[in-house]
Amino acid sequence: MIRAVKGTRDILPPDSHIWNRVEAVARNVMHSYNYSEVRTPIFEETALFARGVGEETDIVSKEMYTFDDKDGSSLTLRPENTASVIRAYIEHRLDQRPGLQKLYYIGPMFRRERPQKGRYRQFSQIGAEVIGSESPAVDAEVIEMVVEILSRCGLQGFHLIVNSVGCKECRPKFIARLKEDLTAKASQLCGDCQRRSTTNALRVLDCKIPQDQPVIDTLPSILDHLCETCAKHFSAVRTFLDDRGVAYEVRPRLVRGLDYYMRTTFEVVHGSLGAQNSVLGGGRYDGLAESLGSRVHSPGIGFSIGEDRLVMSVEEADPHANKDSIDLYIAPMGEAALRHSTTLARDLRRRGARVELAFEGKLKRAMELANKLNARYTLIVGDNEIASGLYALKNMASGEQENVTRDQLAERLYG
RNA sequence: GUGGGUAUAGCUCAGUCGGUAGAGCGCUGGAUUGUGGUUCCAGAUGUCGAGGGUUCAAAUCCCUCUACCCACCCCA
């Protein structure tokens, strides 16, 4: 048997309905904030991600699906979409268009990791980018919007965390300072942290081992080491979030893994997700466009929601969210009735009803199926009905049946 | 890449001391030739993950492999 490859999966009905609903909510909310959809290719030149995401990140150094094209060029299945969106922004000179560029995307990303709960090799992200402003007011609006998407999906009990990771000026100074501290204290930390002390000092701050916390608490906080510009920016972001009534926690230890993040970073966690408890992550990336070759300064901020994880959480919040139903099940009795019913079904469908037509089988069988398909009504069409013009319409919930004309039928369905 | 767990019907799982395969749900048919849900009756579906070994006999014991799940790392 050929199976879906490791880390990929089929989204079947009725689960696919939740996916559709989540996507519809996201599109609606983003539309109301005046975002427009951008669709970039699933694969790009490998160099785009190497330069955009960062050579030293785990994503680039060990998780990319990279292959050689027949002409020898190196291509990569996108592991994330911000670099692609910025590439498109530069390539098509979107900086020349009026106003901010507010773009969103929904689609699959690819990372070759060991799969586990909430982590797949092909996974879907719902993301958005605002390019063309450094204003902290933009940061606040982006964060407000993403929280709105989660709320409108019916998600409850999620937790927003924000931080500032500084800029090219203040972050390296902070990391140097942190490493200094760590060389003295590393021996008191867990094995992982001792290793991180040299390879990825910031991650030590994010360690979850309880025994390490007392030591970690003594380490310096990046928020105390921001340069003046970054500190002012972060303070303004917080003020704007407060104005908007968005609840958040400032967590100086929040570390994001992608190289391009600077200043504002944020994350939303949810308890239902297992070890991968992050349902979305985002942040500001003011230097990214230039590092990808833009001749104009194009600061930006964006986020991406892990759609698989969001769906998982939404399902948990409302296990019946994926229940499907149809408006009308038509059960024709015999050949003439079937022919009569096909045009009837077509007319009802044209007016928007969700209609299923039984092509064969006995009436009893049709009634059973109507019930299993969760039909609101079943319509029985036989010789009597065709002759009289009165159809037998059964309300499946109440069990009541009445004889109706075509117009009355439409009234029941649409009224 | 490293650990741990699991693998028996479409799904969720039981299967004792090694004795040749079970339940619930679902599916199909019937009780009811034009009426679903509840009920009753009947039925179908298994490479017991794969391969090898021990044995008169293996779902069960041993070895190897594979797949999936969870976790580490890291991230959405």
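The structure we're discussing is the one just above.
Read on for a plain summary of the structure.

### Some words on the packing of aromatic side chains
Across all of its chains, the model carries 3 aromatic pairs by this definition. Here the aromatic rings of Y260 and Y261 are separated by 5.0 Å at their centres, their planes lie at 65 degrees, and the arrangement is edge-to-face. Judged by relative accessible area, Y260 falls into the buried class, the value being 8%. Arranged with centres 5.8 Å apart and planes meeting at 75 degrees, the rings of Y260 and Y285 form a pair that is edge-to-face. Here Y260 is found in the loop between β8 (249-250) and β9 (262-269), whereas its partner Y285 is found in the loop between β10 (278-284) and α11 (288-291), with 25 residues between them in sequence. Overall, Y285 belongs to the buried group, its relative accessible area being 1%. Ring-pair connections join several aromatic residues into one group, and the members of that group are Y260, Y261 and Y285. Looking at R9, its charged tip hangs above the ring of Y120, at a distance of 3.9 Å from the centre.

### Here's the deal with the nonpolar core
With 71 residues, the main nonpolar core has M30, Y35, F266, F303 and L310 as its most contacted residues. Element by element, the count of residues in this core is highest for helix α5 (residues 136-152), at 9 residues. When residues no more than four places from it in sequence are discounted, the contact partners of M30 are Y35, Y104, I126, G127, A128, M145, I149 and F303. Of all hydrophobic cores here, the second largest spans 21 residues; its members include C193, L202, I216 and M262.

### So, helix α16 (residues 406-414)
Within α16 the residues assigned to the buried category are L409, A410 and L413. An end-on view of α16 places all buried positions within 95 degrees of arc, on one side of the element. Seen from the buried face of α16, the exposed residues on the opposite side, beyond 90 degrees, are D407 and E411. Packed against the buried residues of α16 are β12 (326-332), α13 (335-350), β14 (375-381), β15 (391-395) and β16 (401-404).

### Quick look at the side chain of E144
Along the chain, the position of E144 falls in helix α5. Within polar-contact distance, the side chain of E144 engages the side chain of R244 at 2.8 Å. Leaving out residues up to four positions away in the same chain, E144 has contacts with Y33, R244 and V246.

About the criteria used
Residues numbered from 1 in each chain as written. Chains lettered and ligands numbered in written order. Predicted model: local features only at pLDDT ≥ 70, side-chain atom pairs only at ≥ 80, totals over all residues. Heavy atoms only, no water. Phe/Tyr/Trp six-rings, centres within 6.5 Å; stacked < 30°, edge-to-face > 60°. Buried < 20%, exposed > 50% of the residue type's maximum accessible area, 1.4 Å probe, protein only. Helix = DSSP H or I, 4+ residues; strand = E, 2+ residues; numbered from the N terminus. Lys NZ or Arg CZ within 6 Å of the ring centre and 35° of its normal. Core = buried A, V, L, I, M, F, W, Y, C linked by side-chain atoms within 4.5 Å. Contact = heavy atoms within 4.5 Å. Arc of directions from axis to C-beta. Polar contact = N/O pair within 3.5 Å; in protein donor to acceptor, adjacent residues only side chain to side chain.

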